[in-house]
Amino acid sequence: MENIPIKMKVNMSLNHAVIWIDHQAAHVLFLSESASEAEVIRSKSTHHHLHHKGGEVGSGKLALDSKYLHSDIQAVKESKEILIIGPGSAKLELIKHAHHHDPQIAENIVGVETVDHPSDKEILAYARHFFYKVDQML
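### Here we look at the overall build of the chain
Of regular secondary structure, the chain possesses four helices and five strands. From first element to last, N terminus to C terminus, the chain shows the α and β order β-β-β-α-β-α-α-β-α. Out of the 138 residues in the chain, the part that is buried amounts to 42%. Contacts in the chain between residues at least 24 apart in sequence constitute 68% of all its contacts with a sequence separation of at least 6. For the chain, the exposed surface amounts to about 8,400 Å²; the carbon and sulfur share of it is 54%.

Written as C-alpha cells, this is what we have:
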C-alpha cells in the first residue's frame, strides 16, 4: 500500500473521513471536495494470523488491541461523516468498539464496505465517490 504524506493535525473543513483498516494498520484519510490529509495508525500486535486447532474452544480469531481501535476512532472524532472500509473482520471490530466506547463518534459512521488492499490514492477515490453519493442524498 502506498503512503500519502502524513499530516497529524486535522483541518476542520475536511468533514469527511475514511478509515481503511486491517489487523496491522489503519489508513485514515480526511477529505473535502478539493483537499485531503492522511494518517497511518499501526497496531502494536505482532500476531498476523491465528489458526484454529481442532477440539479447542473458541473461534480461533485473535481480537484486535482495544488501544489500536480507540486510536483509530479518536483520529476521526471531528469528522461529520465517517466511512469504514477494509478486507476482513477488523472493520466490524472497529464499529463494535465505537458503539461501545465512543457512541457519539459512532453516530457519524455512514457506511461500512468491504474493500481489499487499495493504495491510498484508490482509497481516496473510493471515498470521494462514496461521499459524493451521500452528499447528493442530503
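Continuing now.
### Things to note about the packing of helix α1 (residues 66-75) against helix α2 (residues 90-101)
Packing of α1 against α2 brings their axes to within 10 Å, and their N-to-C directions diverge by 80 degrees. The angle between α1 and α2 falls in the class roughly perpendicular. Mapping the contact onto sequence places Ser-66, Leu-69, His-70, Asp-72 and Ile-73 in α1 and Glu-93, Leu-94, His-97 and Ala-98 in α2.

### Some points on the side chain of Ser-79
Note that Ser-79 resides in the loop between α1 and β4 (81-86). Given a relative accessible area of 3%, Ser-79 falls into the buried group. Non-local contacts of Ser-79, meaning those with residues more than four positions away in its chain, are made with Asn-15, His-16, Ala-17, Phe-30 and Asn-108.

### Some remarks on the pairing of β4
Of all the six residues making up β4, six are buried; the element is thus mostly covered by neighbouring parts of the structure. Residue alternation in β4 divides its side chains into two sets, Glu-81, Leu-83 and Ile-85 and Ile-82, Ile-84 and Gly-86, and both sets are buried. Two strands pair when backbone bridges link them, and strand β1 (residues 16-21) and β4 are joined in this way by five bridges, in the parallel orientation. Residue pairing for β4: Trp-20 is matched across the bridge by Ile-85.

### A look at the nonpolar core
Formed by 23 residues in total, the largest nonpolar core has its most connected members in Ile-21 and Val-76. Among the secondary structure elements, those contributing two or more residues to this core are β1, β2 (25-31), α1, β4, α2 and α3 (103-106). Those residues in contact with Val-76 that lie beyond four places of it in its chain are Ala-17, Ile-19, Val-28, Phe-30, Ile-82 and Ile-105. One finds Val-18, Leu-31, Leu-83 and Ile-123 within the second-largest nonpolar core, a separate group that totals 14 residues.

Cut-offs and rules
- Counting restarts for each chain, with residues numbered from 1 along the sequence as it is written.
- Per-residue local features of the predicted model are confined to residues with pLDDT of at least 70, and side-chain atom pairs are confined, for both listing and counting, to 80 or more; whole-chain, interface and lining totals are unaffected and use all residues.
- Hydrogens and water are ignored here; the side-chain numbers use all heavy atoms of the structure.
- Starting at the N terminus, helices and strands are each numbered in turn, a helix being any DSSP run of H or I of at least four residues and a strand any DSSP run of E of at least two.
- Only protein chains enter the accessibility calculation, which uses a 1.4 Å probe; a residue is then buried when its area is under 20% of its type maximum, exposed when over 50%, and partly exposed in between.
- We call two residues contacting when some pair of their heavy atoms lies within 4.5 Å.
- To be clear on the numbers: accessible area is Shrake-Rupley with a 1.4 Å probe, and residue cover counts the displayed protein chains and nothing else.
- Axis geometry follows a simple rule: fit a line to the C-alpha atoms, using only the stretch in contact for helices, then measure angles between N-to-C directions, giving values from 0 to 180 degrees.
- Angles below 35 degrees are treated as roughly parallel, those above 145 as roughly antiparallel, those between 65 and 115 as roughly perpendicular, and all remaining angles as oblique.
- One bridge is not enough; two strands pair if DSSP finds at least two bridges between them.
- To define a nonpolar core, start from buried Ala, Val, Leu, Ile, Met, Phe, Trp, Tyr and Cys residues and group those joined through side-chain atoms within 4.5 Å.

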